[in-house]
Amino acid sequence: MRRATGFAAVAAIVATAGLLTGCAPSIAADRPLVVVTTNILGDVVGELVGDEAEVLVLMPPGADPHSFEISAQTAARLRDAELIVANGIGLEEGLAGHVESAEADGVPVFLAGDHLEVLAYAEGDAEGTPDPHFWTDPARMVDVVTALGEELPAELADSDSASVDVDRIAANTEAYLAELDELDREMTATFTAIPEARRALVTNHHVFGYLADRFGFRIIGAVIPSGTTLAAPSASDLRELVAAIDEAGVPTIFAESSQSDRLVQVLAEGADRDVDVVELVTESLTPPGGDAETYLDMMRVNTARIATGLST
Amino acid sequence: MFSRTTLPPITAIALAFTLTACAAAGGSSDAAGDDSALGDGHGAIAGAQEMPEPQLHLLSLDETGTVSHLDLLDESVDELGTVDGVADVATEGRYGYLVRPDAGAVTVVDSGVWTWSHIDHFHYYRGEASVLGDVKGSGPATVAANGAGAGLFFAETGEAIVLDAATLADASLDERVHVSVEPHDGFIVPVGSSALVTEPGADGAPASVRVVDGDGKLGETVECANAAGTIATVVGVVVGCRDGALLATIGDAGVVEIERIPYPADAGAPPATEFRAREGRPTVAAVAGASGIWLLDTRKRTWALVDAGTPIVQASAVDDNDEHVLALAADGRVLVLSGATGELLAASEPIVVASVADPELVTGIELIADQHRAYLNGPVERRLYEIDFADAARIARTFDTAAEPRFTVETGR
Ligand SMILES: [Zn+2]
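Please read all numbers here as calculations on a predicted model, not as lab measurements.

### Re the pairing of strand β6 (residues 95–100) of chain B
Residue and element names in this part refer to chain B.
- With six of six residues buried, β6 is to be regarded as a mostly interior element.
- Here β6 shows two buried faces, one formed by Tyr 95, Tyr 97 and Val 99 and the other by Gly 96, Leu 98 and Arg 100.
- Bridge analysis of strand β5 (residues 88–91) against β6 gives four bridges, and the strand direction is antiparallel. Within the sheet, the bridge partner assigned to Thr 91 lies in β6 and is Gly 96.
- Where β5 folds back onto β6 in an antiparallel hairpin, the turn is made up of three residues, including Gly 93, whose phi is positive at roughly 120°.
- Pairing of β6 with strand β7 (residues 105–110) involves six bridges; the strand directions are antiparallel. Its bridge partner lying in β7, Arg 100 is registered against Ala 105.
- Taking the residues that link successive antiparallel strands as the turn, the β6-β7 hairpin has four residues, and the phi of Gly 104 there is positive, at about 60°.

### Thoughts on the sheet that holds strand β20 (residues 237–241) of chain B
Residues and elements named next belong to chain B.
- The strand order across the open sheet built from four strands is β19-β20-β21-β22, with neighbouring strands paired in antiparallel fashion. With partners counted over all chains shown, the strands left at the sheet margins are β19 (230–232) and β22 (256–262), one partner each. The mean angle between the axes of side-by-side strands here comes to 20°, regardless of whether they run parallel or antiparallel.
- The sheet contact formed by β19 and β20 spans three bridges and is antiparallel. Along β20, the bridge assignment pairs Thr 230 with Val 239.

### Remarks on the nonpolar core
- In terms of nonpolar packing, the biggest core is built from 77 residues, with A:Met141, A:Phe217 and A:Tyr295 touching the most fellow members.
- Of the domains in this structure, domain 1 (23–186) and domain 2 (193–311) of chain A are the two that each give at least three residues to this core.
- Not counting chain neighbours up to four residues away, the residues in contact with A:Met141 comprise A:Ile40, A:Val44, A:Phe134, A:Trp135, A:Leu180 and A:Tyr295.
- Listed in part, the 19 residues of the second largest apolar core include B:Leu328, B:Val334, B:Val362 and B:Ala369.

### Considering the coordination of the zinc ion
Residue and element names in this part refer to chain A.
- Distances from the zinc ion to its protein donors, His 66 (NE2), His 133 (NE2), His 206 (NE2), Glu 283 (OE) and Glu 283 (OE), fall within 1.8 to 2.8 Å.
- Donor residues for the zinc ion sit on one chain with the sequence pattern H-x66-H-x72-H-x76-E. Pair noted here: His 133 is in the loop between β4 (109–111) and α6 (138–157) and His 206 is in the loop between β5 (200–203) and α8 (209–215), with a separation of 73 residues, a long-range link.
- The exposure class assigned to His 133 is buried, which follows from its relative accessible area of 0%.

### As for the domain arrangement of chain A
All names here are of chain A.
- Along its sequence, chain A is organised into domain 1 (23–186) and domain 2 (193–311).
- With 37 residues of domain 1 in contact, the opposing surface of domain 2 contributes 23 residues.
- Contact with domain 2 buries area across many residues of domain 1, yet Trp 135, Thr 136 and Leu 183 alone supply 24% of it, more than any other trio.
- On inspection of domain 1 and its partner domain 2, the count reaches three salt bridges.
- Of the charged contacts, one joins Arg 214 and Asp 184 as a salt bridge, the two residues approaching to 2.8 Å between their closest N and O atoms.
- Our count for the domain 1 to domain 2 interface comes out at 19 residue pairs in polar contact (both at pLDDT 80 or more).
- For the side of domain 1 that touches domain 2, the secondary structure elements donating two or more residues are α3 (39–49), α6 and α7 (166–192).
- Looking at the side of domain 1 that touches domain 2 element by element, the count peaks at seven residues for α7.

### Some details on the side chain of B:Arg100
All names here are of chain B.
- Residue position: Arg 100 is located in strand β6.
- Side chain to side chain, Arg 100 and Asp 134 meet in a polar contact 3.3 Å long.
- In this view, Arg 100 contacts Val 83, Asp 84, Gly 85, Val 86, Ala 105, Thr 107, Asp 134 and Gly 139; residues no more than four positions away in its chain are not counted.

### Observations regarding helix α11 (residues 260–271) of chain A
Residues and elements named next belong to chain A.
- Over its twelve residues, α11 runs 16 Å from end to end, which matches the ideal 16 Å to within 8%, given 1.5 Å per residue.
- Elements in contact with the buried residues of α11: α9 (227–231), α10 (235–248), β7 (252–254) and β8 (276–278).
- Looking one or two residues beyond α11, the residue adopting positive phi is Asp 272, at roughly 60°.

### A few points about the packing of α3(A) against α6(A)
Residues and elements named next belong to chain A.
- The N-to-C vectors of α3 and α6 enclose an angle of 55°; their axes lie 10 Å apart at closest approach. Judged by the inter-axis angle, α3 sits oblique to α6. For the crossing formed where α3 meets α6, the hand is right-handed. Along the contact surface, α3 presents Ile 40, Leu 41, Val 44, Val 45, Leu 48 and Val 49, while α6 presents Met 141, Val 144, Val 145, Leu 148, Leu 152 and Leu 156.

### Remarks on α3(A)
Residues and elements named next belong to chain A.
- Counting buried residues along α3, nine of its eleven residues qualify, which places the element largely inside the surrounding structure.
- Every buried residue of α3 is accounted for by Asn 39, Ile 40, Leu 41, Gly 42, Asp 43, Val 44, Val 45, Leu 48 and Val 49.
- Turning to α3, the residues buried within the fold contact β1 (33–36), β2 (54–57), β3 (83–86), α6, α7 and α12 (295–311).
- Once α3 finishes, Gly 50 follows within two positions and takes phi at roughly 55°, a positive value.

### Overview of the sheet that holds strand β31 (residues 367–369) of chain B
All names here are of chain B.
- With antiparallel pairing, four strands are arranged side by side in an open sheet as β31-β32-β33-β34. Edge strands, defined here as strands with exactly one partner in the open sheet, are β31 and β34 (394–400). Sheet twist, expressed as the average angle between the axes of neighbouring strands with direction ignored, equals 20°.
- Where strand β33 (residues 383–388) meets β34, six bridges bridge the pair, whose relative direction is antiparallel. For Arg 383, the partnering residue across the bridge sits in β34 and is Asp 400.

Reading the values: rules and limits
- Residues numbered from 1 in each chain as written.
- Chains lettered and ligands numbered in written order.
- Predicted model: local features only at pLDDT ≥ 70, side-chain atom pairs only at ≥ 80, totals over all residues.
- Heavy atoms only, no water.
- Buried < 20%, exposed > 50% of the residue type's maximum accessible area, 1.4 Å probe, protein only.
- Helix = DSSP H or I, 4+ residues; strand = E, 2+ residues; numbered from the N terminus.
- Pairing = 2+ DSSP bridges.
- Axes fitted to C-alpha atoms, helices over the stretch in contact; angles between N-to-C directions.
- Core = buried A, V, L, I, M, F, W, Y, C linked by side-chain atoms within 4.5 Å.
- Domains from an automatic or database assignment.
- Contact = heavy atoms within 4.5 Å.
- Donors = N, O, S within 2.8 Å, 3.2 Å for Na, K, Ca; no water.
- Buried area = accessible area lost by both parts, 1.4 Å probe.
- Salt bridge = Lys/Arg side-chain N within 4 Å of Asp/Glu carboxyl O.
- Polar contact = N/O pair within 3.5 Å; in protein donor to acceptor, adjacent residues only side chain to side chain.
- Expected span 1.5 Å × (residues − 1).
- Parallel < 35°, antiparallel > 145°, perpendicular 65-115°, else oblique.
- Left-handed = near helix turned anticlockwise from the far one by under 90°.

The following block contains the structure:
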């Protein structure tokens, strides 16, 4: 499972946004509310609705979508939503109960997973079970945005709130789909330029199944040695990772590690493997000022890191 | 640390202020200052930062009473404070419980590093270490700590106290449960929101365990002659008895269910009275007589006996793919055995000969197993040892200490 990169302080950002609107009814009351679970979908929905609705994103930057939970106060706000947008496919384990009970109370729920072709995990403990990380393939995000482009105006138009300009949402959706197409073209061009034999991701990230399927990458799962073993490693500590590197035949591994430099050094000295360790952005956007504040940024930064890593 | 971005602290303060101001303006009385409007789960733990891997440390107490905290990742050492008269140290992986018989107290230290097991994955946190304070009683206490909290039992008075993990996380030593039983050499151990407390028989020795619910109400009694030793596994809480082990789990209805796992009929070794194991695994180990090791698989509910072939003073189960079992031999070596076959796979050089030979100090030595390495304190040797049990019991690292590390526990796990 992924280790989240959350910070206590960061959680306060979205909490503040949520509370501010919550305690300033004069601003919020004339706009309908859309609640979105993940910050990736939150960014996308925000692009589509523009100023036509208030978007409450539950997960702050850096949150782990698998285990993120909300307070009772926030859960109560779900019932005020005109629409709840969630990833589905079992991603938001900590929120599923709240979303389901809001749905039972009559709040419409849009599950991204209902609007795309779902893949199964190709390996690991979860092999064969549905993989929720669809966003690593931009074409699947196109499918989701296309469906949202129909659902959002329909739900917002018949809200009790003041008039919503559905034409504006349609125009926003069209513009965003054009941006996704552009992203898709860039990624296709960049990845096609990588020789096929080198299209291999040695990684401990578990989210790149869709990207691999779409762009023809092999995923080779890697166990990254822990910090205490890196201090004084033996061959057995490195065996699995070295085998993965050799199988892939690539100069970069894509891994989350708090001691990347030490890992590089140990692989060079202890196993005679000259590799770089590069971290990718996986399932949560970065806080303001980070390099993946938006979905498009996240995809571009990962594409660049993969292309650079596999070509040097 | 490529894509990781830290928020400038000043921004966080500004936001926190906005939040409080906003909540107050909204008139919601108990929301003021509560930053958990969103995310009472992840990333919302005040003062702690989520980390990509376990922040493993060794917390040691030396003969001068200094509590030191060795970071096993960067090898730095912090001094957390000074506490006198410590006779034992226990942990569940975050808090150090320093038993002080003369003061009739248990001093609780928050190491500030911990791992949270979230069903099928883990979260790792790093915050500030601090001394939380004392839980007062009388005379020596026995501490049994696990993920649910800690049980503190004062033998001279029979006072049994449970500290709840969630309360401790708020830096509070408020008792969840406080019950009194007949004074005896016993213990209390948390099981979920309930607990098990030992009770003495006619001869004064522990003869049974009693369920205590979350409100301190005494419930069912289960026979457990000579109750001694307790440990929590991923399955449940183990209590050692003369004729076997009790395994306490929380059933579907939220109540404690107790099973008995009897020793084999022809056991051939004395019962286990002290259990050790790698955190979060089903199998635990205990010394069985001079050279034997009991292995209790709490998932299969079975006992197995292996022989180290040489006198031992401590045993622990790694319970990895190779079923490694570790033992501290009476001659100061660390032994690595196969739990499956009992075969001796490797042995270190004698490293803590003088400490093991000293009857005063040997009880403070702790052989600690985690996923990758084992750790051992040598008070006389003034050294902490890191052992690679999967690589021929190689001494991977040693850490020289300024004084005698009388007691050592691993935190951050
Ligand atoms: Zn994930």
